[in-house]
Every structure is written in structure tokens, then in C-alpha cells.
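Each chain, letter by letter, is given below.
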Amino acid sequence: DHLGWGMPEYSTYRGAPAIHNGADDNASGVATIIELARLLKNSSFKNNNYLFIAFSGEEEGLYGSKWFVEHPKLDSAKYDYMLNFDMVGRVDSNKFIINGVGTSPLWSEAMKNISTPLHIKTTESGLGPSDHTSFYLKNIPVLHFFSGQHKDYHKPSDDEYKINYKGMEDVVDYVMKLVENLDAKEKLPFVKTKDSNNDDAPKFTVTLGVMPDYTYEGNGMRIDAVTDGRPAFNAGLKEGDIVIQLGEIKVTDMMSYMKGLSQFKKGDKTKVKVKRANEILEKDINF
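Residues numbered from 1 in each chain as written. Predicted model: local features only at pLDDT ≥ 70, side-chain atom pairs only at ≥ 80, totals over all residues. Heavy atoms only, no water.

Quick rundown of the pattern of salt bridges? Include the residues and the values.
The final tally for this structure, using the stated rule, is 11 salt bridges. Residues D152 and R90 are paired through a salt bridge, measuring 2.7 Å at the closest nitrogen-oxygen approach. Residue D152 is located in the loop between strand 4 (142-146) and helix 5 (165-183), and its partner R90 is located in the loop between strand 1 (82-85) and strand 2 (95-99); the two are separated by 62 residues in the primary sequence. An identical accessibility class is assigned to D152 and R90; each is buried. Its salt-bridge partner being D152, residue K162 comes within 3.1 Å of it at the nearest N-O pair. A residue pair is termed long-range when its members are at least 10 positions apart, and K162 in the loop between strand 4 and helix 5 and D152 in the loop between strand 4 and helix 5 qualify at 10 residues. A relative accessible area of 26% places K162 in the partly exposed class. (Salt bridge = Lys/Arg side-chain N within 4 Å of Asp/Glu carboxyl O. Helix = DSSP H or I, 4+ residues; strand = E, 2+ residues; numbered from the N terminus. Buried < 20%, exposed > 50% of the residue type's maximum accessible area, 1.4 Å probe, protein only.)

Here's what the structure looks like:
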């Protein structure tokens, strides 16, 4: 699931060709499912069968998972749920994201009393740029486990020594407790999440060239990393800046940030307001 020498349309690295090892994206996910397979084989959870798959072609359009669900070797109606581990190796300050909790009403019940040091943030949507989406679109409840974006994303610097192994251990422990809770339950009912029609989702054709901090829970959109040569970089925005206004749109969260982007097209100019420490700055943006 990674970029070899750096596929130019996906890599955020701008330098001489270099191997992108993808330690977090997504060797961390592969290592997690191998450990889960070992633990589940020796567990007492016997009410379900467990299928472990490492999909290829995710970066280019979910090719592997899409092919799998469209050419099923098993009756897809028998699938109870799908758990996706895409980038789980960079748990920071115990912050962790689980996407897709709205795809079944039983997710919140199964997750409710799990003891964990992880500070978990959840989102409802079953859609996202990873392999769980292929299963969600076949009406299968999904969860996507994700430790968040970082400045090494899609760069040669996404390397092994930066992995938080204790954090990954906590993720595996959490998932085993979740699977144990689900083992005794009936088949999970599926729910289509609100944004599935994409009617209300903002559609945008420009980008600031930043990586949002998806674990940020404050007001605005916090920047986790800035890509060289893109609009935010050219405007002098920095990692840690919190975007609070884009054009005329007040930015309070990711959705309002995307709504702000949707107002513009390539070549447009606007202003962006960011909070940097205790200071409010206004910068010129050229898309």
C-alpha cells in the first residue's frame, strides 16, 4: 500500500527520488492484523469466523477492496462487520480516531465500556479514503481505525523508528475487547450514514496544501503539516496554525473548512485568518 520511489501524483515529497517505506502507511496496519490473527486464533471467541486481508491498490482508488466486494468468494450478506486498520502507528498523546461508528447502532453499545488509555474521537461516516468504504457501499457495518495525519505522510520520512509501538499495542488491546463484546451479539444491523448521498457535502476543486489535525477538538481547523510550494506554504502558514476563517466563511470544524474551500476555484485569491499561539494573523491566499 505505498508509493515505491514516490508516485508524483500522491507523494507530498519534493526532492530527489527516494524510497517511501510507508512504516505508518500502512505497515502499521499490516502488523496490527497479523497480531490480531495470532491473538484471535488462541482466543475463546468462537461465534464468528475471522477473515484477514491486506488489500493492494488502495492509493490508486481502493482497487483491491473494490474488486474483492464485487467478486465475492463468500456471500457478502453473511459478513457481520469490517474493521479497517489504515495508519495506526503514530498514536500521539494517546489520541486516536475511529471512523464509521454511525454505520450500525450496535457500535456505540459495544464500544461503551471498553477500558483503554486511548483518548478516542469518533466520527459517524462510513465513507472515507480507505478500504472500509468498499464494504460500507455494500451495506456492511465498518470501522476505520486511524492514529491521524502527520508531516511524514506520503514521504520517505515515514520510517520505522517513528512508530509508537506502545500506542499500537493499546490499539490491538482495544480491538480485542471490542471483538469480544461483539462475539456474543447478534448480527450487526447496517445503517447508512447521513453524508452517504453526498448532497450536503461541500465539493471543492482547490486546496490549501495542508494536512489537517483530525484529532483536534477545539474551534477551527488545526494544521498538522504544510506542503512545500502550495498556497498555505506560499502564504507563510505553519504547522500548529489554527484556521478560523477562509474568505467569508467562519471555520469552526472540518466541515466548515471544506465549505470555505468550496467557494473558490483555481486562480482565485482570498484572505485566511489563523490563530498562532495567542495572535490572530490574516494572510493572502492565491489558489
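Tell me about the side chain of D268, residues and numbers included.
Within the fold, D268 resides in the loop between helix 7 (254-261) and strand 9 (269-276). Reaching out from D268, the side chain makes a polar contact with the backbone nitrogen of K265 at a distance of 2.9 Å. Setting aside residues no more than four positions away along its own chain, D268 makes contact with Q263, I285, N286 and F287. (Polar contact = N/O pair within 3.5 Å; in protein donor to acceptor, adjacent residues only side chain to side chain. Contact = heavy atoms within 4.5 Å.)

Which residues make up a nonpolar patch on the surface, and what values do they have?
Side chains of L51, I53 and L74 sit close together on the surface and give an oily, nonpolar patch of about 260 Å² of accessible area. Within the secondary structure, I53 sits in the loop between helix 1 (23-41) and helix 2 (63-70). Relative accessible area serves as the criterion here: at 32%, I53 is assigned to the partly exposed category. (Patch = residues over 30% accessible without salt bridge, like charges linked within 9 Å, V, L, I, M, F, W, Y side chains within 5 Å. Areas by Shrake-Rupley, 256 points an atom, 1.4 Å probe, with all protein chains shown as cover.)

Explain the packing of aromatic side chains to me, and be specific about the residues and the numbers.
Each pair of aromatic rings is reported with the distance of its centres and the angle of its planes. The tally for this structure, following the rule as stated, stands at nine aromatic pairs. Summarising the aromatic geometry, the rings of Y79 and F135 are spaced 6.5 Å apart at their centres and angled 65 degrees between planes, so their arrangement reads as edge-to-face. Taken together, the positions of Y79 in the loop between helix 2 and strand 1 and F135 in helix 4 (residues 132-136) put the pair 56 residues apart, joining distant regions of the chain. Arranged with centres 6.4 Å apart and planes meeting at 35 degrees, the rings of F96 and F145 form a pair that is tilted. With F96 in strand 2 and F145 in strand 4, the pair connects residues that are 49 residues apart, well separated along the chain. Residue classification places F145 among the buried residues on the basis of a relative accessible area of 1%. Ring pairs connect the aromatic residues F55, F68, Y79 and F135, which therefore count as one cluster. (Phe/Tyr/Trp six-rings, centres within 6.5 Å; stacked < 30°, edge-to-face > 60°.)

I'd like a rundown of helix 2, residues and numbers included.
Because each turn of an α-helix spans 3.6 residues, side chains separated by three or four positions in sequence point in the same direction. Those residues of helix 2 that sit buried are G64, S65, F68 and V69. Projected down its long axis, helix 2 carries its buried residues within an arc of 120 degrees, all on one side. (Arc of directions from axis to C-beta.)

So what about the environment of F233? Which residues, and what values?
Mapped onto the fold, F233 is located in helix 6 (residues 231-235). C-alpha separation for the pair F233 and G209, spaced 24 residues apart in sequence, amounts to 7.5 Å. What F233 contacts, discounting residues up to four positions off in sequence, is V226, T227 and D228.

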